[in-house]
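Each chain is listed here by its residues.
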Amino acid sequence: CRYDQVPVAVFSLEMPNHEIGQRMIATESGVPIDEIMGGTDDGQGNARAMSYNRMTGAVGTLANIALYVRDYTALSALSLRIEVRKIVQQVGAKIIVLDYIQLCQMRGDSHERRLQIGEITKTAKALSKQFDVAFIMVSQLSRSADGRQEMSLSQLADSDEIGRDADVVACINDDQDLDVIKNRSGPTGLVPLHFDGPTFHFRSGRID
């Protein structure tokens, strides 16, 4: 999406716009996030010219990406419909990222919560067909996934509907590999990755 300018919209319930921007600058520039948040000086007022130049270049690159970030305090199924319609009409979004589904507006007990998450996933599926957009929905894992290598659909938190409605389900396992546990139109299995924590950057393949 970065290179072919497919418009992407991010609906963030997890963090505000400026934090997302900081992480994107870290990923693009290779400058660690703590350096970006702390400023590019050495504590004595001397700018780290190399880091500053890399960050400036990253900001220039990101400014040309068709990426639109919206942060929300809550989203219900109804408000999701409204916001998707709006972003598609305004910028022609073709990919929508929702981070994350368990933070959508819920009410009632755990049983009702499961049904409401199912309402969100079914709404997203209907919107995907209506507006010809792809949805990437981030989900929490349940506590049963802690420390386990084998991932399954049952470990998606709060609702079985997520696994039922999704075309593809992929998790990051304890080895930081991408574990594709459901793929309606293709293979499943592990995709080796390497995660660079300071810059929030996933790279294909392992680095030993």
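Above this text is the structure in question.
Residues numbered from 1 in each chain as written. Predicted model: local features only at pLDDT ≥ 70, side-chain atom pairs only at ≥ 80, totals over all residues. Heavy atoms only, no water.

Caption draft 1: Representation of helix α4 (residues 77-91). For α4, built from 15 residues, the straight-helix expectation of 21 Å at 1.5 Å per residue is met to within 8% by its first-to-last C-alpha distance of 21 Å. Taken together, the buried positions of α4 are occupied by Ala77, Leu80, Glu83, Val84, Ile87 and Val88. Projection of α4 onto a plane perpendicular to its axis shows the buried side chains occupying an angular sector of 130°, all on one side. Exposed residues pointing more than 90 degrees away from the buried face of α4 are listed as Leu78, Gln89 and Gln90. Backbone geometry just after α4 places Gly92 at a positive phi near 70°. (Helix = DSSP H or I, 4+ residues; strand = E, 2+ residues; numbered from the N terminus. Expected span 1.5 Å × (residues − 1). Buried < 20%, exposed > 50% of the residue type's maximum accessible area, 1.4 Å probe, protein only. Arc of directions from axis to C-beta.)

Caption draft 2: Up close: the nonpolar core. Counting 29 residues, the largest nonpolar core has Phe11, Leu75, Val84 and Ile96 as its most contacted members. Among the secondary structure elements, those contributing two or more residues to this core are β1 (8-12), α4, β3 (95-99), α5 (110-131) and β5 (168-172). Listed in part, the 9 residues of the second largest apolar core include Ile25, Ala26, Ile33 and Ala58. (Core = buried A, V, L, I, M, F, W, Y, C linked by side-chain atoms within 4.5 Å.)

Caption draft 3: Focus on the sheet that holds β5. One open sheet accounts for 3 strands, arranged β5-β6-β7; its pairing is antiparallel. Each edge of the sheet is formed by a strand with only one pairing partner; in this case those strands are β5 and β7 (189-191). Neighbour-to-neighbour, the strand axes of the sheet open up by a mean angle of 30°, direction not taken into account. Summarising the sheet, strand β6 (residues 178-183) and β7 pair through 3 bridges and their orientation is antiparallel. Within β7, the residue paired with Asp179 across the bridge is Leu190. (Pairing = 2+ DSSP bridges. Axes fitted to C-alpha atoms, helices over the stretch in contact; angles between N-to-C directions.)

Caption draft 4: The environment of Gly30, seen in detail. Mapping Gly30 onto the fold places it in the loop between α1 (17-29) and α2 (33-38). With 166 residues separating them in the primary sequence, Gly30 and Asp196 have C-alpha atoms 9.5 Å apart.

Caption draft 5: Fine view of the packing of aromatic side chains. Counting across every chain of the model gives 2 aromatic pairs. Ring geometry for Phe11 versus Tyr72: centroids 5.4 Å apart, planes at 80°, classification edge-to-face. Residue Phe11 is located in strand β1, and its partner Tyr72 is located in the loop between β2 (67-71) and α4; the two are separated by 61 residues in the primary sequence. With a centroid separation of 4.5 Å and 35° between ring planes, the pair formed by Phe195 and Phe202 is classed as tilted. (Phe/Tyr/Trp six-rings, centres within 6.5 Å; stacked < 30°, edge-to-face > 60°.)

Caption draft 6: Spotlight on the environment of Ala166. Within the secondary structure, Ala166 is located in the loop between α6 (161-165) and β5. Through-space distance from the C-alpha of Ala166 to that of Ile136 is 9.4 Å; in sequence the pair is 30 residues apart. In this structure, Ala166 is in contact with Lys182 and Arg184, ignoring residues within four places of it in sequence. (Contact = heavy atoms within 4.5 Å.)

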